[in-house]
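Okay, here's what each chain looks like letter by letter:
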Amino acid sequence: MKINKKNKTIFWIISIIFIVLIMNIFLTDKETKMQEIIAEEHEIQTNETIEPVTAEPSYNIFVPDTYNSRIHVYDIDGNFLYMFGNRGRGDGQFIMPTDAVQYQGYIYVLDKGNSRVQVFDLNGSFKFSFGEDILDFPLGLDIFDNKVFIVNTYKSKVDVFSLDGEPQFSFGSAGRKDWQFRYPSDVAVDEDFIYVTDADNQRMQWFYHNGSFAGKIGNYSKEVYGVKFPMGIGIYNKTIYLADTQNHRIKMYDKNGNLTKIIGRFGDEIDKFKFNGKIWFVGGRMVVADTNNHRMKVYEPNGDLLFTFGSYGRGLGQFKNPGGKRVISKGIINRTVAANETNSTS
């Protein structure tokens, strides 16, 4: 059969169109795959760039300068950085702040005289407050596992809040029995227990994380195994540090409540205390408010003193009763707070 010239031309045109179509499909598929690879690579790079940073930016010491109604901020070596706040009832103002804790990039300040917690960013800028309708002159707070634990002192209980200030639960009541308090003054929390200084009952109690009673130690005495109005507590590496305030010393216990060491005694020398109150742990160091000596003291966890900073006054780097403490008269701690007088945690 003979193919004429016209048919041959049509055949070649169809063949060329077919080849072009095949090549276009192949190139399009290849280009699509390349675009997908580029997109994947870009997506991986983008995700790595915006991955959130969860580490604390620095280890700073936050000093509640109680009778100057402000917060001082120092680095871990005791160098002054900045301060914020003044006396008043507005946002960012304080009346006798007694505790301050840094957690996840925010500073939680216990504003005792205003019966609230105020939250600030790390520049000292006010963010929000909570607890005004629940708290009554609270003295101490700690934060653990995204919960804020507060000793609600004049209501003789512990209140627990979320990080944004929503009430979670509370435990305790007024009295002398187990699970009851008379002037609870501080709280510290670890993975095992909630530890509370029960000042007017001359003891420390500890509780399971649901608030049920777990144990206690303490009795009123100036002797080795006694305590007198304990006002501060901290926990580090399975050791409990108790501020035995009217005995002017710190007592160290293991997790079974066995006394392991005593630090300090009454006086104004560098190794002594006058009504020491709050205890914090910052960057692996113990920070103690030596309240009536108007200074802060920094220790190794084993109790070796590293350095002190601060003095009495209203200037930069000066304090008036840091940690806030009450007048003690005739062996009874008054409910009212007056000048020349303490207190958390972690």
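Conventions we followed
Residues numbered from 1 in each chain as written. Predicted model: local features only at pLDDT ≥ 70, side-chain atom pairs only at ≥ 80, totals over all residues. Heavy atoms only, no water. Helix = DSSP H or I, 4+ residues; strand = E, 2+ residues; numbered from the N terminus. Areas by Shrake-Rupley, 256 points an atom, 1.4 Å probe, with all protein chains shown as cover. Salt bridge = Lys/Arg side-chain N within 4 Å of Asp/Glu carboxyl O. Buried < 20%, exposed > 50% of the residue type's maximum accessible area, 1.4 Å probe, protein only. Pairing = 2+ DSSP bridges. Axes fitted to C-alpha atoms, helices over the stretch in contact; angles between N-to-C directions. Patch = residues over 30% accessible without salt bridge, like charges linked within 9 Å, V, L, I, M, F, W, Y side chains within 5 Å. Phe/Tyr/Trp six-rings, centres within 6.5 Å; stacked < 30°, edge-to-face > 60°. Polar contact = N/O pair within 3.5 Å; in protein donor to acceptor, adjacent residues only side chain to side chain. Contact = heavy atoms within 4.5 Å.

Colleague: Looking at this structure, I do not really get the overall build of the chain. What am I missing?
Modeller: Helix and strand content of the chain: one helix and 29 strands. For the chain, the exposed surface amounts to about 17000 Å²; the carbon and sulfur share of it is 54%.

Colleague: Mind showing me how you'd approach the pattern of salt bridges here?
Modeller: Two side chains bearing opposite charge may form a pair once their charged atoms approach each other closely. One pass over the full model with this rule turns up 14 salt bridges. Of the charged contacts in the structure, one is a salt bridge between E269 and K272, with a shortest N-O distance of 3.4 Å. Judged by its relative accessible area of 12%, K272 falls in the buried class.

Colleague: Looking at this structure, I do not really get the sheet that holds strand β10 (residues 157–162). What am I missing?
Modeller: Whenever strands of a sheet pair, they do so through backbone hydrogen bonds, lying parallel or antiparallel. Strands sit in the order β8-β9-β10-β11 across an open sheet of four strands; the sheet is antiparallel. One side of each edge strand has no neighbouring strand; the edge strands of this open sheet are β8 (140–144) and β11 (167–171). Between one strand axis and the next, the sheet turns by 20° as a mean value, whatever way the strands run. Two strands pair when backbone bridges link them, and strand β9 (residues 147–152) and β10 are joined in this way by six bridges, in the antiparallel orientation. Of the residues in β10, the one forming a bridge with V148 is F161.

Colleague: Where do I start with the pairing of strand β25 (residues 305–309) in this structure?
Modeller: Walk down a regular strand and you will see the side chains alternate between the two sheet faces. The sheet contact formed by strand β24 (residues 295–299) and β25 spans four bridges and is antiparallel. The residue bridging V298 from the neighbouring strand is F307, located in β25. Counting the residues in the hairpin turn of β24 and β25 gives five residues, including G303, whose phi is positive at 100°.

Colleague: I would appreciate a short explanation of unusual backbone geometry in the present structure.
Modeller: A negative phi holds for most residues other than glycine; trans holds for most peptide bonds. The backbone of F229 shows a phi angle near 55°, a positive value even though the residue is not glycine. Mapped onto the elements, F229 comes out in the loop between β17 (213–217) and β18 (232–236). Phi is positive for K238, which is not a glycine, with a value near 70°.

Colleague: Please clarify how the sheet that holds strand β3 (residues 80–84) should be interpreted in this entry.
Modeller: Taken in spatial order, the three strands make up an open sheet running β1-β2-β3, and their pairing is antiparallel. Sheet topology places β1 (60–65) and β3 at the edges, where each strand pairs with a single neighbour. Geometrically, the sheet is characterised by an average inter-axis angle of 20° between neighbouring strands, direction not taken into account. Summarising the sheet, β1 and strand β2 (residues 70–75) pair through six bridges and their orientation is antiparallel. Bridging from a neighbouring strand, F62 pairs with V73 of β2.

Colleague: So what exactly am I meant to see when it comes to a nonpolar patch on the surface here?
Modeller: On the surface, F80, M83 and L316 cluster together into a nonpolar patch covering about 270 Å² of accessible area. Checked against the element boundaries, M83 lands in strand β3. Judged by its relative accessible area of 30%, M83 is partly exposed.

Colleague: Whenever I open this one, the packing of aromatic side chains confuses me. Can you help?
Modeller: The relative placement of two aromatic rings is captured by the distance of their centres and the angle of their planes. Enumeration over the complete set of coordinates arrives at 25 aromatic pairs. When the centroid spacing of 5.0 Å and the interplanar angle of 10° are considered together, the rings of Y236 and F281 count as stacked. One end of the pair, Y236, is in strand β18; the other, F281, is in strand β22 (residues 279–282), and 45 residues separate them in sequence. For F281, a relative accessible area of 10% gives the class buried. Ring-pair connections join several aromatic residues into one group, and the members of that group are Y74, F80, F307, F309 and F319.

Colleague: How do you make sense of the environment of D186 when you look at a structure like this?
Modeller: Relative to the helices and strands, D186 resides in strand β14 (residues 184–189). Given a relative accessible area of 0%, D186 falls into the buried group. Remark: the alpha-carbon pair of D186 and T98, spanning 88 residues in sequence, is separated by 10.0 Å. Within the structure, the side chain of D186 is placed 3.0 Å from the backbone nitrogen of I233, a separation counted as a polar contact.

Colleague: Explain the environment of K177 to me, please; I cannot follow it from the model alone.
Modeller: Here K177 is to be found in the loop between β12 (173–174) and β13 (180–181). Accessibility expressed as a relative area gives 62% for K177, which makes it exposed. Along the sequence, K177 and N201 sit 24 residues apart, while their C-alpha atoms lie 9.3 Å from each other. Discounting chain neighbours no more than four positions away, the residues touching K177 are R203 and Q205.

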